[in-house]
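Read off the chains here:
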Amino acid sequence: MTMAGRRPLVAGNWKMNGLRSSIGVVETVRKDLPKDLLDRVDVLICPPSTLISSCVAAVYGSPIAIGGQNLHAKPSGAFTGSISAEMLADLGAKYVIVGHSERRAYHHETDDGVHAKALGARRAGLCGIICVGETKEEREEGRTLDIVRAQLAIGVPKGATGADTVIAYEPVWAIGTGLTPTPADIAEVHASLREMLGQLIGPEAAKVRILYGGSVKPGNARDLMAVDNVDGALVGGASLVAEDFIGIANAYAR
Ligand code: PEP
């Protein structure tokens, strides 16, 4: 547990990486993760949707969860190429990432769209991981807190709870770059997000996990986890290598 009594979540986002041969990574994570770690930390892998079914089978009987990386807000309909929360849940997914900065940048996702998707996730019984984060320019202009608070205020649905919602703070400039904010900068943003959540959902805000994401590696995970209000990590690149992902999860198990 974190000092505030929240159970850490270490989530891997494989992005558009992974073929059927990559199921071996999930099997290795399952085999090599210390068993007692899973008593203390929630571990999640979000593979591309083509692999969700096989990953669910690979973790069957273990507490490791599998999630989606995106969803359509509607349950079904004429939306060629899209996947609904119900479809993800039907495959055995438990979580879904909502509003990742790559979706915002390359697929023009808006905060209103994120809100609708978060509602879709809740409707199907999935936990939505709502991503927020500023660009390099926004940080340099001193607008980080304004940006992430606005993303949160619009994106988080009314009545969100610690069970159906996780927030991930992912500075866009830290994703895949090897750069990370200082612990003090992360602490400032996470405290501000927690305060904003309080305005949005009241005392339940204390139960919502706020992950940090952006170039988390086994070598920096321990320092990041020590930051106030950091309740886990959303991990991109390093989640593709079983040993690195396990190393990160270990840092959160203290
Ligand atoms: C991500 O895509 O959510 C992410 C944090 O990527 P990376 O860990 O590779 O920076």
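As the structure is a prediction and not an experimental result, all values here were calculated from the model.

Caption draft 1: Seen up close, the overall build of the chain. If you tally the helices and strands in the chain, you get 11 helices and eight strands. Along the longest, intermediate and shortest principal axes, the C-alpha atoms of the chain span 45 × 45 × 35 Å. Contacts in the chain between residues at least 24 apart in sequence constitute 74% of all its contacts with a sequence separation of at least 6. Entry remark: accessible area of the chain is about 11100 Å², with carbon and sulfur atoms responsible for 56%. Across the chain, 26 positive and 28 negative side-chain charges occur, with their mean positions spaced 5 Å apart.

Caption draft 2: Spatial organisation of the site of the ligand. By nearness alone, 14 residues border the ligand, and Lys15, Glu170, Gly176, Ser215 and Gly236 come closest of all. In the model, an oxygen atom of the ligand is placed 2.8 Å from a nitrogen or oxygen of the His100 side chain. Gly237 is positioned such that a nitrogen or oxygen atom in its backbone is 2.8 Å from an oxygen atom of the ligand. Here the ligand, which alone exposes 290 Å², has 97% of that area covered by the protein. Classifying every residue of the shell around the ligand by side-chain character gives four nonpolar, eight polar and two charged.

Caption draft 3: Quick peek at the sheet that holds strand β7 (residues 209–213). What the eight strands build is a closed barrel, ordered β1-β2-β3-β4-β5-β6-β7-β8; its pairing is parallel. Sheet twist, expressed as the average angle between the axes of neighbouring strands with direction ignored, equals 25 degrees. Along the sheet face, helix α11 (residues 242–251) touches β1 (9–13), β2 (42–46) and β8 (232–235) and points at about 160 degrees away from the line of β1.

Caption draft 4: Molecular detail of the nonpolar core. The biggest cluster of nonpolar side chains holds 67 residues, and the ones touching the most others in it are Val29, Leu33, Ile167, Leu193, Leu197, Val216 and Tyr252. Discounting residues that sit within four places of it in the chain, Leu193 has contacts with Val132, Val148, Leu152, Ile167, Tyr169 and Ile210. If you look at the next biggest cluster of nonpolar residues, it comprises 14 residues, including Leu44, Cys127, Leu211 and Leu234.

Caption draft 5: Seen up close, unusual backbone geometry. A positive phi angle, near 55 degrees, is found at Lys15, a position not held by glycine. With respect to the element layout, Lys15 can be found in the loop between β1 and α1 (23–32). Within the chain, Asn229 stands out as a residue other than glycine whose phi angle is a positive 70 degrees.

Caption draft 6: Region of interest: the pattern of salt bridges. Enumeration according to the criterion identifies 18 salt bridges in this entry. In this structure, Asp32 engages Lys31 in a salt bridge whose closest nitrogen and oxygen atoms are separated by 3.2 Å. According to the relative accessible area criterion, Lys31 is exposed, its value standing at 59%. For the salt bridge of Asp42 with Arg209, the shortest nitrogen-to-oxygen distance reads 2.8 Å.

Caption draft 7: Expanded view of the environment of Ala11. Position of Ala11 among the secondary structure elements: in strand β1. The exposure class of Ala11 is buried, given its relative accessible area of 0%. If we skip the residues at most four places from it in the chain, Ala11 touches Leu44, Ala233, Leu234, Val235 and Phe245.

Caption draft 8: Fine view of the environment of Asp112. Mapped onto the elements of the fold, Asp112 is located in helix α6 (residues 111–123). By relative accessible area, Asp112 is classed as exposed at 58%. For the pair formed by Asp112 and Leu211, sequence separation is 99 residues and the distance between their alpha carbons is 21 Å.

Caption draft 9: Inspection of the pairing of β8 at higher detail. Because side chains alternate across β8, one face comprises the buried residues Gly232 and Leu234, and the other comprises Ala233 and Val235, equally buried. Between the parallel pair β7 and β8, the chain is carried across by helix α10 (residues 218–225), and the sense of this crossover is right-handed.

Caption draft 10: Representation of α10 in the model. Those residues of α10 lying buried are Asn220, Ala221, Leu224 and Met225. On an axial view of α10, the arc spanned by its buried residues comes to 135 degrees, and they lie on one face. The exposed set on the far side of α10, more than 90 degrees from its buried face, consists of Gly219 and Asp223. On the buried face of α10, the contacting elements are α9 (183–201), β7, β8 and α11.

Caption draft 11: Highlighting the packing of α1 against α11. Interhelical geometry of α1 versus α11 gives an angle of 40 degrees and a closest axis separation of 9 Å. The orientation of α1 with respect to α11, classified from their angle, is oblique. When the axes of α1 and α11 are compared, the crossing they make is right-handed. Each of Val25, Thr28, Val29 and Asp32 in α1 lies in contact with α11, whose residues at this interface are Ala242, Phe245 and Ile246. Classifying every residue of the contact of α1 with α11 gives five nonpolar, one polar and one charged.

Rules used throughout
- Residues numbered from 1 in each chain as written.
- Predicted model: local features only at pLDDT ≥ 70, side-chain atom pairs only at ≥ 80, totals over all residues.
- Heavy atoms only, no water.
- Helix = DSSP H or I, 4+ residues; strand = E, 2+ residues; numbered from the N terminus.
- Contact = heavy atoms within 4.5 Å.
- Areas by Shrake-Rupley, 256 points an atom, 1.4 Å probe, with all protein chains shown as cover.
- Lys, Arg positive; Asp, Glu negative; His and termini not counted.
- Charge placed at Lys NZ, Arg CZ, Asp CG, Glu CD.
- Near = heavy atom within 4 Å.
- Polar contact = N/O pair within 3.5 Å; in protein donor to acceptor, adjacent residues only side chain to side chain.
- Nonpolar A, V, L, I, M, F, W, Y, C, P; charged D, E, K, R; others polar.
- Pairing = 2+ DSSP bridges.
- Axes fitted to C-alpha atoms, helices over the stretch in contact; angles between N-to-C directions.
- Core = buried A, V, L, I, M, F, W, Y, C linked by side-chain atoms within 4.5 Å.
- Buried < 20%, exposed > 50% of the residue type's maximum accessible area, 1.4 Å probe, protein only.
- Salt bridge = Lys/Arg side-chain N within 4 Å of Asp/Glu carboxyl O.
- Right-handed = clockwise from strand over helix to strand, strands pointing away.
- Arc of directions from axis to C-beta.
- Parallel < 35°, antiparallel > 145°, perpendicular 65-115°, else oblique.
- Left-handed = near helix turned anticlockwise from the far one by under 90°.

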